[in-house]
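Examination of the molecular architecture
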Amino acid sequence: MTKRRSFLKKSVLGAAALSTASSFGFSILKKNVMEEQIIGHGDFKYKVVKDWAKMSVAHNPILNCHEMQMDSKGRLIMLGDHTDNNILVFDKSGKLLDYWGTRYPGGHGLTLHDEGGEDMLYIVDCGWFVDRTGKWSKQAGTVSKTTIDGRLLFNLPDPHTIGVYTKEQEYLPTETAIGPNGDVYVADGYGSDFILQFNHKGEFIRKWGGHDNSDKNYNLHNAHGVAVDYRDKQNPVLIVTSRSDKSFKFFTLDGKFIKTVELPGAYVCRPVLDDDNVYAGVCWSENKQGNRFNDSGFVTIMDGENKVVSNPGGDAPEYKNGKLQQMYQSEKAVFNHGHDVFVDEDKNLYVCQWNANRTAPIKLERV
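Overview of the structure. The structure presented is a predicted model; accordingly, all values stated were derived computationally and were not measured.

A few points about the overall build of the protein chain
A count of helical and extended segments in the protein chain gives 1 helix and 30 strands. C-alpha extents for the protein chain along the principal axes are approximately 105 × 50 × 45 Å. Within the protein chain, the proportion of its 367 residues that are buried is 51%. The contacts in the protein chain between residues at least 6 apart in sequence include a share of 47% that link residues at least 24 apart. If you average the places of the 44 positive and of the 47 negative side-chain charges in the protein chain, the two averages end up 10 Å apart.

This is the structure we're talking about:
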């Protein structure tokens, strides 16, 4: 009898434990399902992975994550503006592999270029930096060409020193792009809003843009980004950001205006091309209540016809009579000022953020 009672007691306790474990497991599963966040629209939907980067910001401090590229070894190279480590190097799992760079307090633009099988970096210091008192200050910007591990090869000339800018015109560059013949295009997005074209040796060729053109199509306002669009392989062109106008402007490689693509509601950063699509971080945006700036922004994606097809972190794009309507961020903010997007070979996205409480990039896994 005692053995029977002992058996029953153990059976009841075991069943209770199993029930509790099952209930607990279900709760965890339910919680994880609820916490899994899917954003985006149409064929461009993503799972948000905010803890992708496996690193300690106490050991490798971050101010702002500005831009990211992938080298020929498959390593993700991120540029920021903390001079303990301007460059952070990750593998795709988020493991921190390397870090370097102390000379770019305004580290802002990063372009990787394959030169005869060797990776080269073009690093833009925009001139804006956080000084020792914690306040934003500015100094002259620079564009540096380095090896993949940071050895300085040369700086592009400041346009003041070669007679291209007047004394009153500021030079605070934000981005570069490399043309098919090696020409370097510099977007002076925080300065005088010109696009400056240099050859591969760093010799000045021409500039265009600015604010005072008789043809207003050439005017740029916050020329934050520039990229070479190779989607028509026989006729590559430039895409230039005019962020305050919430638009991309298209030019020939020698600076002739082609067209404007308006992106109402989206203060876009640089265009990032992958296959037929153009991706861009949106640094500022509004929700439908008209609230802007705090925890704002999203990612916008255009197709081969330059039509917006998805806004991860934003509301679905809407066209009426062929015209894109005002775009809004989601009611529940996902991003803090999306500054750049990198697309890997699996079509996952890595989003660098500005003013994001010193956080590492967010990964968006394609679903």
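Quick word on the environment of Gly-297
Looking at the element boundaries, Gly-297 is found in the loop between strand S23 (277–284) and strand S24 (298–302). Judged by relative accessible area, which is 2%, Gly-297 ranks as buried. The spacing of Gly-297 and Gln-329 is 32 residues in sequence and 6.2 Å in space, taken between C-alpha atoms. With residues up to four places along the chain from it excluded, the contact list for Gly-297 reads Val-282, Cys-283, Trp-284, Ser-285, Gly-313, Gln-329 and Phe-335.

A few points about the sheet that holds strand S4 (residues 76–80)
Read from one edge to the other, the open sheet built from 4 strands follows the order S3-S4-S5-S6, with strand pairing classed as antiparallel. Each of the sheet's edge strands pairs with one partner strand only, and the pair in question is strand S3 (65–70) and strand S6 (96–100). With strand direction ignored, the average angle separating the axes of adjacent strands in the sheet is 20°. Where S4 lies against strand S5 (residues 87–90), 4 bridges are found, and the strand directions are antiparallel. Note on S5: the bridge partner recorded for Leu-79 is Ile-87.

Points about the pairing of strand S17 (residues 226–229)
Each regular strand shows side chains that alternate between the opposite faces of the sheet. Because side chains alternate across S17, one face comprises the buried residues Val-226 and Val-228, and the other comprises Ala-227 and Asp-229, equally buried. Judged from the 4 bridges that link them, S17 and strand S18 (residues 237–242) form a sheet pairing that is antiparallel. Along S18, the bridge assignment pairs Asp-229 with Val-237.

Notes on the sheet that holds strand S15 (residues 194–198)
Here 4 strands make up an open sheet; going across it, the order is S13-S14-S15-S16 and the pairing antiparallel. The open sheet terminates on both sides in strands that have one partner only, identified here as strand S13 (175–178) and strand S16 (204–209). The mean inter-strand angle of the sheet, taken between neighbouring strand axes irrespective of direction, is 20°. For S15 and S16, the ladder comprises 5 bridges, and the chain directions are antiparallel. Residue pairing for S16: Leu-196 is matched across the bridge by Lys-207.

Criteria and thresholds
Residues numbered from 1 in each chain as written. Predicted model: local features only at pLDDT ≥ 70, side-chain atom pairs only at ≥ 80, totals over all residues. Heavy atoms only, no water. Helix = DSSP H or I, 4+ residues; strand = E, 2+ residues; numbered from the N terminus. Buried < 20%, exposed > 50% of the residue type's maximum accessible area, 1.4 Å probe, protein only. Contact = heavy atoms within 4.5 Å. Lys, Arg positive; Asp, Glu negative; His and termini not counted. Charge placed at Lys NZ, Arg CZ, Asp CG, Glu CD. Pairing = 2+ DSSP bridges. Axes fitted to C-alpha atoms, helices over the stretch in contact; angles between N-to-C directions.

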